[in-house]
Amino acid sequence: WRVCRMIARRIARLAAALSLFCVAIAEIVPFRPTPSSSQTTVAADLTTNDGSSVRCLFTFEAGSGTPDDTSGTADLSPEEALQKLDRRCFKLHQEQWAYEACVGQTIRQSSGAETFNLGNFARVEGTIQHYDGGDRCDALRDRPPRRAFVQYACGDAARLLSVVERSVCVYELTVVAPELCASSAFADMRGVANNVVVQDEAEPWYLEVAESDDGELECSVQHSDDLRKGGFTMSGLSFANWVLSLQAGQEGDAVRQVKAVDAAARHSGRQPLDLEEAEVTEAMSTVTLQSTPSFKGKLEFARLNAVMRS
């Protein structure tokens, strides 16, 4: 009994020391910065359990490179280029599964007589289309709907290049097409074979906003090849500057106050930033973690935790 009580006390102390962030709800937004990315902002929105709206924003400028010379060619906006693929469907067989991506409509997965809706078109952000509200995911306790996002790129033929399940019932698809080469916003993947995970200059990054069981909010950004592995991979990008912020939406005439409770950031290789490389600031409805002039350029992860008050 003494041994059991000793173990129980140690477990209790360990759990308290870890201060675990138990996610209740979350929203993940993928993006793919390149060494020549100019000032860019990525946003992830969340409706909390009490009905409040919050937004996680990551604004950054990557590297010091310059975009490829596109003189003499038409440079369409991403929206104009994607219109050329609207309602076209692309298929890919991968292991026992068959996937069908119908641009601007639905994403489906099938094997024999079994078919799943992975999501219906919801919105577009830059070169990425989001598909939400798919069939329920029985693999997770609260059975959330399946969802997918499609990353588009310039290619030598129109096809569905790859499908990756980034986390349980969340799918990333890559579609390439020559029509998209008319816009410099899309990465160039000409010459890449099907079923190949492309290792180009564009890196896989994820912006996430989440609420814990006790109402704490977390806004985080990370570089990772696979979120399911829970690890961080080495980023090759250099950032001239970056800002991670968490904003509370206005509820009627009332403005919710946001208070920072924790923050962290790491260089590539899991090395924490020096204290002078980043700072936390607070305004009435916004908290911010941002780089300072002392920042040394490499980043793989940043996190900001906060609570909302009326």
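Analysis parameters
- Residues numbered from 1 in each chain as written.
- Predicted model: local features only at pLDDT ≥ 70, side-chain atom pairs only at ≥ 80, totals over all residues.
- Heavy atoms only, no water.
- Helix = DSSP H or I, 4+ residues; strand = E, 2+ residues; numbered from the N terminus.
- Buried < 20%, exposed > 50% of the residue type's maximum accessible area, 1.4 Å probe, protein only.
- Areas by Shrake-Rupley, 256 points an atom, 1.4 Å probe, with all protein chains shown as cover.
- Pairing = 2+ DSSP bridges.
- Axes fitted to C-alpha atoms, helices over the stretch in contact; angles between N-to-C directions.
- Contact = heavy atoms within 4.5 Å.
- pLDDT = per-residue confidence, 0-100.
- Disulfide = S-S within 2.5 Å.
- 1 Å grid on protein atoms, 1.4 Å probe; cavity = no way out; pocket = protein on both sides within 12 Å on 5 of 7 lines; lining within 4 Å.
- Points joined across faces, edges and corners; volume = space filled by probe spheres on them.
- Nonpolar A, V, L, I, M, F, W, Y, C, P; charged D, E, K, R; others polar.

In terms of regular secondary structure, the chain is built from two helices and 21 strands. Residues classed as buried in the chain amount to 44% of the 310 residues present. Of the roughly 16100 Å² of accessible surface on the chain, 49% is carried by carbon and sulfur atoms.

Time to look at the sheet that holds strand β14 (residues 239–248). Taken together, five strands build an open sheet; the order of strands is β2-β3-β14-β20-β19 and the sheet is antiparallel. In this open sheet, the two edge strands, each paired with only one partner strand, are β2 (40–47) and β19 (278–282). If you compare each strand with its neighbour and ignore which way they point, the axes differ by 15° on average. In terms of strand pairing, strand β3 (residues 53–62) meets β14 through nine bridges, oriented antiparallel. Looking across to β14, one finds that Val 54 is bridged to Ala 248.

Let us now look at the environment of Trp 242. Looking at where Trp 242 falls in the secondary structure, it is placed in strand β14. Owing to a relative accessible area of 0%, Trp 242 belongs among the buried residues under this scheme. Taking the C-alpha atoms as reference, Trp 242 lies 9.6 Å from Gly 297; in sequence the two are 55 residues apart. In this structure, Trp 242 is in contact with Phe 58, Thr 59, Phe 60, Ala 265, Leu 273, Ala 278, Leu 289, Gln 290, Ser 291, Phe 295, Leu 299 and Ala 302, ignoring residues within four places of it in sequence.

What follows deals with the confidence of the model for the chain. Across the chain, the average pLDDT comes to 80, with 78% of residues at 70 or higher. Confidence, expressed as mean pLDDT per element, reaches its minimum in the chain at helix α1 (residues 2–18) with 47 and its maximum at strand β6 (residues 106–111) with 95. Per-residue pLDDT stays below 50 along residues 1–5; that stretch engages in zero contacts with residues further than four places along the chain or on separate chains. Low pLDDT, under 50, characterises residues 11–21; the predicted model gives this stretch seven contacts beyond four residues in sequence or across chains.

For the rest of this paragraph, the subject is the environment of Ala 26. With respect to the helices and strands, Ala 26 occurs in strand β1 (residues 23–31). The exposure class assigned to Ala 26 is partly exposed, which follows from its relative accessible area of 31%. Along the backbone, Ala 26 and Ser 212 are 186 residues apart, and their C-alpha atoms lie at a distance of 8.8 Å. Apart from the residues within four sequence positions on either side, Ala 26 is in contact with Leu 46, Glu 208, Val 209 and Ala 210.

Moving on to the pairing of strand β20 (residues 286–291). Walk down a regular strand and you will see the side chains alternate between the two sheet faces. Most of β20 is tucked away, with five of its six residues classed as buried. Sheet topology note: the β19/β20 ladder contains five bridges and is antiparallel. Note on β20: the bridge partner recorded for Ala 278 is Ser 291.

Turning our attention to the state of the cysteines. Tallying each qualifying case throughout the model produces four disulfides. Here Cys 56 pairs with Cys 219 through a disulfide, and the sulfurs are 1.9 Å apart. The sign of the 65° torsion about the S-S bond sets the Cys 56-Cys 219 disulfide as right-handed. Of this pair, Cys 56 sits in strand β3 while Cys 219 sits in strand β13 (residues 217–223), and the two are 163 residues apart along the sequence.

Right, let's talk about empty space enclosed by the protein for a bit. Where empty space is left becomes clear once a probe the size of a water molecule has been rolled over the atoms. A complete count under the given rule lists one cavity of 30 Å³ or more for this structure. Of the volumes computed, that of the largest cavity is approximately 40 Å³. In terms of lining, the largest cavity is formed by Pro 30, Phe 31, Arg 32, Ile 128, Gln 151, Glu 172, Pro 204, Trp 205 and Tyr 206. Breaking the lining of the largest cavity down by element, the ones donating at least two residues are β1 and β12 (205–212). Here the residues of the lining of the largest cavity are counted per class, giving six nonpolar, one polar and two charged.

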